[in-house]
Amino acid sequence: MTDRLSHPDQLPENVAPPSYTPADHGPGIVHIGLGAFHKAHQAVYTDTALGLHGGDWRIIGVSLRSPEAAGELAPQNGLYTLIERDMQGSSARVIGSIAAALCLPDDRQSILDALVSPATRIVSLTVTEKGYGIDRTTGGVDITHPAIAADLATPEAPIGVAGLLVWALAQRRAQGTPPFTVLCCDNLPENGPMLRELLVDFARRTAPDIAEHIATEVAFPATMVDRITPARNADTLAAAREMTGLEDAAAIETERFTQWVIEDHFPKGRPAWDAAGAIFVQDVAPFEMMKLRMLNGTHSMLAWCGFLSGHRYVRDVMRNAALVGLIRRHLHAAAATLPALPDVDLGAYADALATRFANPHLAHETYQIAMDSTEKLPQRILAAAVDAQAAGLPLRAFAFATAGWMRYALARHDNGDEYGLRDPREAEIAAALSDVESAAEIVKTLSALPGVFPETLRQDAQWQAEVTEVLDAMIALGMKEAIRREASASPGPEVAKVS
Ligand code: CS2
C-alpha cells in the first residue's frame, strides 16, 4: 500500500519539500475559504516567504461549511502537493505553510480562538464573489443572503464572513488586542474597501459602537490575485501519486504563472511576500481592473460561448479559430477601457493571456468558469461596457459577451439538453424567464434583474439592440453558427491589433 504524505522526509528528489521546518513557525494568519485557489496562491507565496525570511506566519485554514479540505489536510499535517503546469511540462513541490485546517461546524471554538488571538495579525479570505453577501446597489449587506440573514438574527453565534469578522474585531477591541488586517483575495473590484464597507454596514446593524472602529482603525488592503486553478479531479490525485510516490488527498494543480499585486498597508506586519514575488503598490485599482476586464471578462465570455458550442475545456476553446478571433477582440476591447499603467504593455498582456488560456496541460472546464455568472458579469463585462460607452468606443464585444451570458442563462443547449446554472440567482432567473420567448423579451427580462445591469446600459437603445441582435442569432442559428458569423463579421483590424 502507498504511504500517505504527512512528512517532508518522505519525498523523492524531484519533488521540492518546504525549504524550512514547518513546525518551527507559529501561525500568524487565519485564512477563510480553504479551497484550491488559496492553496495554489496565497499559501504558496507564504511558503516561499517562510523559506526565505522565516517568521511566525503559518496559516490556520478555515472552511465555513464543508469538512472536505480539513479532512484531507489534517491527516497530512497540512502538507499537500502543488503541481505546476505550463507548455514545457509539469513539476511538483510540497507546501508547508498551512499549520491547521479547520471547519466551522466541527471546530467552532478553535476558529473563534484563532480569530481573537493576538498572534493572528492577518485574516485573509477567498470565499468567492457570492460568499460575502454584498448588496451591489448599496454596497452594504444583502439582507436576503442566507449567512447575512442568519448573522443579523444571531450576531453572537456567527456563521458567515461579515458576522465572524465583526464579532472577532469587537472581541479584540474589548480585550485591548489590536485589530487584524483584513485581506480580501477574491476577484472583486476594490476588494479591500468593498469588504470594509460591508463590515461597517453589518456592524452598524449589530454592534454600532464598533462600526467607527472598523471604518477608521482596521486595515483593508486591496489586492489583485491571479493564478488559473482548475477544480481538482481524480487525474490530479493520480498525477500527485505518480510524481511523489505517495497518496495525497489534498493535492492540487495549477498553471506555473502566478501574480499578486497588493496595497502595502499592513499595520501589524506581514510575511515577506515581496521576496516571494508579490508586487506591492500604492494603488491596486488599475491592476485589478486590467485583470478583471481582460482575464476574467474574456474568461467568462469564452466560458459561456465555449460551453454552449461543445467545448469542455478552455484549451479546446483555444483550438477554435472563430472563438480565438472573438477572444482577441474581447481582450482588445477590454484593454481600450483601461487607464494607462506605467510599465504595462496591454498588448503583451493580452498575448500572454491567450497563451495561458491555451495551456494544453491544464484541464480547466468552461462550466467551472460559468458558475455564479450573475456575481461576475457586472465587474467583468458591464463595467467595461459602461466605460466604453462613455468614451464612445464600440460596444460590440461586450454586447456579444452579454448575449452569451443570456443564452447561457436559458439553461439548455441547442439540442434541448438542460444543465444547471449553478448561480445563486438560478431560481429567480428560471422564474423570470418561464413565460418569455423572444430574444427581445429575454434581454428585457434579464436586464431588469435587480443589481446586475447599470442604468446607463439599460437606457442605451443601441446597446439593447446589439445584445438583442446577437442573442437572436444565437437562438435562431445555434451557438456554433452564431459564433462563426460573429467572427467573420467582426472587423479585422480590431481583432488583429492585439495578435
Ligand atoms: C475564472 C477565475 O472561474 C472563474 O471565474 O475566471 O477563477 C480565474 O481563473 C482566476 O481569476 C485566474 O486568476
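Keep in mind the model is a prediction, meaning the values are calculated, not measured.

What counts and how
Residues numbered from 1 in each chain as written. Predicted model: local features only at pLDDT ≥ 70, side-chain atom pairs only at ≥ 80, totals over all residues. Heavy atoms only, no water. Helix = DSSP H or I, 4+ residues; strand = E, 2+ residues; numbered from the N terminus. Buried < 20%, exposed > 50% of the residue type's maximum accessible area, 1.4 Å probe, protein only. Contact = heavy atoms within 4.5 Å. Areas by Shrake-Rupley, 256 points an atom, 1.4 Å probe, with all protein chains shown as cover. Lys, Arg positive; Asp, Glu negative; His and termini not counted. Charge placed at Lys NZ, Arg CZ, Asp CG, Glu CD. Expected span 1.5 Å × (residues − 1). Polar contact = N/O pair within 3.5 Å; in protein donor to acceptor, adjacent residues only side chain to side chain. Pairing = 2+ DSSP bridges. Axes fitted to C-alpha atoms, helices over the stretch in contact; angles between N-to-C directions. Near = heavy atom within 4 Å. Nonpolar A, V, L, I, M, F, W, Y, C, P; charged D, E, K, R; others polar. Domains from an automatic or database assignment. UniProt positions renumbered as here; feature names shortened; annotations may be inferred.

A. Broad picture of the overall build of the chain. When its secondary structure is counted, the chain shows 22 helices and eleven strands. With respect to the principal axes defined by its C-alpha atoms, the chain has extents near 60 × 55 × 45 Å. Looking at the chain as a whole, 56% of its 499 residues are labelled buried. A separation of at least 24 residues holds for 77% of the contacts in the chain among residues at least 6 apart in sequence. For the chain, the accessible area works out to roughly 19500 Å², and carbon and sulfur atoms hold 52% of it. Averaging the positions of the 42 positive and the 62 negative side-chain charges in the chain gives two centres separated by 2 Å.

B. Highlighting helix H13 (residues 346–357). Its twelve residues give H13 an end-to-end C-alpha distance of 16 Å, which sits within 8% of 16 Å, the value for a rise of 1.5 Å per residue. Of the surrounding secondary structure, the elements contacted by the buried residues of H13 are strand E8 (223–226), strand E9 (252–255), helix H10 (285–308), helix H11 (314–317) and helix H12 (321–335). For H13, the side-chain oxygen to backbone nitrogen distance between the N-cap and Gly347 is 2.9 Å, and the N-cap itself is Asp345.

C. Region of interest: the pairing of strand E3 (residues 80–86). Counting buried positions along E3 yields seven of seven residues, so the element is predominantly enclosed. Side chains Tyr80, Leu82, Glu84 and Asp86 project from E3 onto one buried face, and the interleaved Thr81, Ile83 and Arg85 project onto a second face that is buried too. Taken together, the seven bridges between E3 and strand E4 (residues 89–95) define a ladder with antiparallel strand orientation. Along E4, the bridge assignment pairs Arg85 with Ser90.

D. Geometry of the sheet that holds strand E7 (residues 181–184). Pairing is parallel across the open sheet formed by five strands, whose spatial order is E5-E2-E1-E6-E7. Here the strands that pair on one side only, and so sit at the sheet edges, are strand E5 (98–103) and E7. Shown here is a sheet whose adjacent strand axes are inclined to one another by a mean of 20 degrees, direction ignored. Strand direction decides the pairing type here: strand E6 (residues 122–125) and E7, joined by four bridges, are parallel. Among the inter-strand pairings, Leu125 is bridged to a residue of E7, identified as Cys184. Here helix H4 (residues 104–116) sits on the sheet and contacts strand E1 (27–32), strand E2 (58–63), E5 and E6; the angle it forms with E5, its principal contact strand, is near 130 degrees.

E. View of the site of the ligand. As a structural note, the neighbourhood of the ligand is formed by Asn187, Asp226, Arg227, Ile228, Lys291, Asn296, His299, His364, Ile369, Lys376 and Arg380. The side chain of Lys376 places a nitrogen or oxygen atom 2.8 Å from an oxygen atom of the ligand. Looking at the shell around the ligand, the elements that each hand over two or more residues are H10 and helix H15 (373–391). If you tally residues by element for the shell around the ligand, the top one is H10, at three residues. Taken together, the residues that form the shell around the ligand break down as two nonpolar, four polar and five charged. Shared between two domains, the shell around the ligand takes at least three residues from each, and those domains are domain 1 (8–281) and domain 2 (285–496).

F. Structural detail: the UniProt feature "domain: Mannitol dehydrogenase C-terminal" (unreviewed entry) in the chain. Within this numbering scheme, the UniProt entry marks residues 283–474 as carrying the feature "domain: Mannitol dehydrogenase C-terminal" (unreviewed entry). This span, residues 283–474, is 66% helix and 0% strand, and a straight line between its end C-alpha atoms measures 40 Å.

G. Summary view of helix H20 (residues 461–477). Spanning 17 residues, H20 covers 24 Å between terminal C-alpha atoms, matching the ideal 24 Å at 1.5 Å per step. Considering only its buried residues, H20 is in contact with H10, H15, helix H16 (396–409), helix H18 (439–447), helix H19 (455–458) and helix H21 (479–489). Residue Asp460 occupies the N-cap position of H20, its side-chain oxygen lying 2.9 Å from the main-chain nitrogen of Gln462.

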